[in-house]
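Given next are the chains, with one letter for each unit.
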Amino acid sequence: MVVVAVSSRAIADPARDRVVVATTDEAFRGELADALGPSDFSLVVVDEPIPTLADVTRISRGLADREHATAAVWLVASPNGSTLVTYDRGVDRVLVRTIAFAPPLSPAQGAEAARMARTMLRALRVTPDINLPPPHPDEARAIRASAAAFAIAPHRGPALIGVVLGVGVHVHPPGAGAAAAGSAMVIWRPDELGVAIAGDYAPSSSFATSTFTGAAHDDSVALLARWPVALASFRLVALAGPALHITGLRGQASDGEMPAITHVDPAVRGQVIGAYALDRTVDVGVAVAGDYVADRQRYSFDASEVLAIPRFQVLAELVLTLAVR
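Source: prediction; values computed, not measured.

**A closer look at the overall build of the chain**
When helices and strands are counted, the chain shows 5 helices and 16 strands. Counting only residues that meet the buried cut, the chain has 42% of its 325 residues in that class. Summing over all exposed atoms, the chain offers an accessible surface of approximately 16,500 Å²; the carbon and sulfur share of this is 62%.

**Digging into unusual backbone geometry**
Where the residue is not glycine, phi is negative for most of them; where a peptide bond is considered, it is trans in most cases. Looking along the chain, the bond that leaves P103 and enters P104 is cis, with omega of 0°. With respect to the helices and strands, P104 occurs in the loop between β5 (93–99) and α4 (107–124). Within the chain, D92 stands out as a residue other than glycine whose phi angle is a positive 55°. If you trace the backbone, D92 turns up in the loop between β4 (81–88) and β5. Look at D92 and you get partly exposed, because its relative accessible area is 28%. Positive phi, close to 65°, is recorded for R189, a residue that is not glycine. Tracing the sequence through the fold places R189 in the loop between β7 (178–188) and β8 (194–201). R189 sits in the partly exposed class, given a relative accessible area of 27%.

**Let's talk about the pattern of salt bridges**
One pass over the structure, following the stated rule, counts 9 salt bridges. Close ionic contact of R58 with D55 constitutes a salt bridge, the shortest N to O distance being 3.8 Å. By sharing partners, the salt bridges in this structure join E48, R66 and E67 into a single network.

**Comments concerning the confidence of the model for the chain**
Per-residue confidence for the chain averages 79 on the pLDDT scale, and 80% of its residues sit at or above 70. Low pLDDT, under 50, characterises residues 1–15; the predicted model gives this stretch 23 contacts beyond four residues in sequence or across chains. With pLDDT under 50 throughout, residues 149–156 is counted as low confidence; its partners more than four residues away or in other chains account for 4 contacts.

**Some remarks on the sheet that holds strand β3 (residues 71–78)**
Here 5 strands make up an open sheet; going across it, the order is β2-β1-β3-β4-β5 and the pairing mixed. Whereas interior strands pair on both sides, the edge strands pair on one side only; in this sheet they are β2 (41–45) and β5. Averaged over all neighbouring strand pairs, the angle between strand axes comes to 20°, with direction disregarded. Strand direction decides the pairing type here: strand β1 (residues 17–22) and β3, joined by 4 bridges, are parallel. Paired with V21 across the strands is V73, a residue of β3.

**Overview of the packing of helix α2 (residues 26–36) against α4**
Axis separation between α2 and α4 bottoms out at 8 Å; the angle between their running directions is 50°. It follows from the interaxial angle that α2 and α4 lie oblique. Handedness of the α2/α4 crossing: right-handed. Contacts between α2 and α4 pair A27, F28, E31, L32, A35 and L36 from the former with P107, G110, A111, A113, A114, A117, R118 and L121 from the latter. Tallied by class, residues from the contact of α2 with α4 come to 11 nonpolar, 1 polar and 2 charged.

**Details of the nonpolar core**
Counting 22 residues, the largest nonpolar core has V19, F28, L32, L36, V73 and L84 as the members making the most contacts within it. With 6 residues, α4 is the largest single contributor of residues to this core. Sequence-distant contacts of V73, that is, excluding residues within four places in its chain, are made with V19, V20, V21, A22, F28, L32, L84, V85, T86, A117 and L121.

**Description of α2**
Within the sequence span of α2, burial applies to F28, L32, A35 and L36. Each buried residue of α2 lies within a common arc of 80° when the element is viewed along its axis, so the set occupies one face. Among the exposed residues of α2, those oriented more than 90 degrees off its buried face are E26 and D34. Packing partners of the buried residues in α2 comprise β1, β2, β3, β4 and α4. Backbone nitrogen of A27 and a side-chain oxygen of the N-cap are separated by 3.2 Å at the start of α2; the cap is D25.

**Some words on the side chain of T86**
Tracing the backbone through its elements, the reader meets T86 in strand β4. According to the relative accessible area criterion, T86 is buried, its value standing at 0%. Not counting chain neighbours up to four residues away, the residues in contact with T86 comprise A72, V73, R93, V94, L95, A117, M120, L121 and L124.

**Let's talk about the pairing of β5**
Looking at chain direction, β4 and β5 are connected through 7 bridges and run antiparallel. Across the sheet, residue Y87 finds its bridge partner in β5, namely V94. The hairpin turn running from β4 into β5, its antiparallel successor, is 4 residues long, and D92 in that turn takes a positive phi close to 55°.

Cut-offs and rules
- Residues numbered from 1 in each chain as written.
- Predicted model: local features only at pLDDT ≥ 70, side-chain atom pairs only at ≥ 80, totals over all residues.
- Heavy atoms only, no water.
- Helix = DSSP H or I, 4+ residues; strand = E, 2+ residues; numbered from the N terminus.
- Buried < 20%, exposed > 50% of the residue type's maximum accessible area, 1.4 Å probe, protein only.
- Areas by Shrake-Rupley, 256 points an atom, 1.4 Å probe, with all protein chains shown as cover.
- Salt bridge = Lys/Arg side-chain N within 4 Å of Asp/Glu carboxyl O.
- pLDDT = per-residue confidence, 0-100.
- Contact = heavy atoms within 4.5 Å.
- Pairing = 2+ DSSP bridges.
- Axes fitted to C-alpha atoms, helices over the stretch in contact; angles between N-to-C directions.
- Parallel < 35°, antiparallel > 145°, perpendicular 65-115°, else oblique.
- Left-handed = near helix turned anticlockwise from the far one by under 90°.
- Nonpolar A, V, L, I, M, F, W, Y, C, P; charged D, E, K, R; others polar.
- Core = buried A, V, L, I, M, F, W, Y, C linked by side-chain atoms within 4.5 Å.
- Arc of directions from axis to C-beta.
- Polar contact = N/O pair within 3.5 Å; in protein donor to acceptor, adjacent residues only side chain to side chain.

Rendered as structure tokens:
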């Protein structure tokens, strides 16, 4: 036997959202009507055999279709309390919760169970605000579509641009065994296979021979392919590509001042960075770069060599990586 407890106006009005309620507990039915009323829901009360949990989805689907409803709510008595079951036809699935009290419910218990049912219906319709009544089915479909799009393409995806700042030691620079150095690098796609443009700068190193006193510097720029590998909170980055070394020499010979000399030499660079992620946008670590210069520069005065720039040069640094997301 099916008992329909809804006004003829509610049945005739297609704009109302209909919910089938399968329970005889009057306190629960009344409180559920109040909880769902602000969204212009109508309740259809039916007297149906209680299904098993294995069959509740199938039976709720048939019940909702038969009554032209968008949802169904069951209140099932059990020895230790009650089981509340909500079903949404739009997503074709159920939520099940146990409550600590058994029918017949008091008004306070009915109100608590009704609020729980309202929350469960909202959860089924994929909406985060549990303090409002469930949305209309058309609104629920739009919410679900937005949620699916968000799951496929999260708002915060891989970074597009990154910046690396470094400070360290230039090993075997012109005219010295080691010198302080700094670097900057701009990265395209720091979280994936990408490209980086790097610049290294070291202050001039002073030196003196029996025939010459002066200063020399060796700066460089490089275009590098970059491949990061994430290992939990650690990241290992390999870089390789062509570079240009800009070397300069200025000073004074024993018999007079010598004009400044600048030379540009091609080179090949390989670099490895090991870093620890402080968060999703900041890494700190160490970097070691090795450059092989194609043409070794030698400078002589009066048949005496005053400066030789090594072919192989090493830069060791502490680095800070910032990603822009």
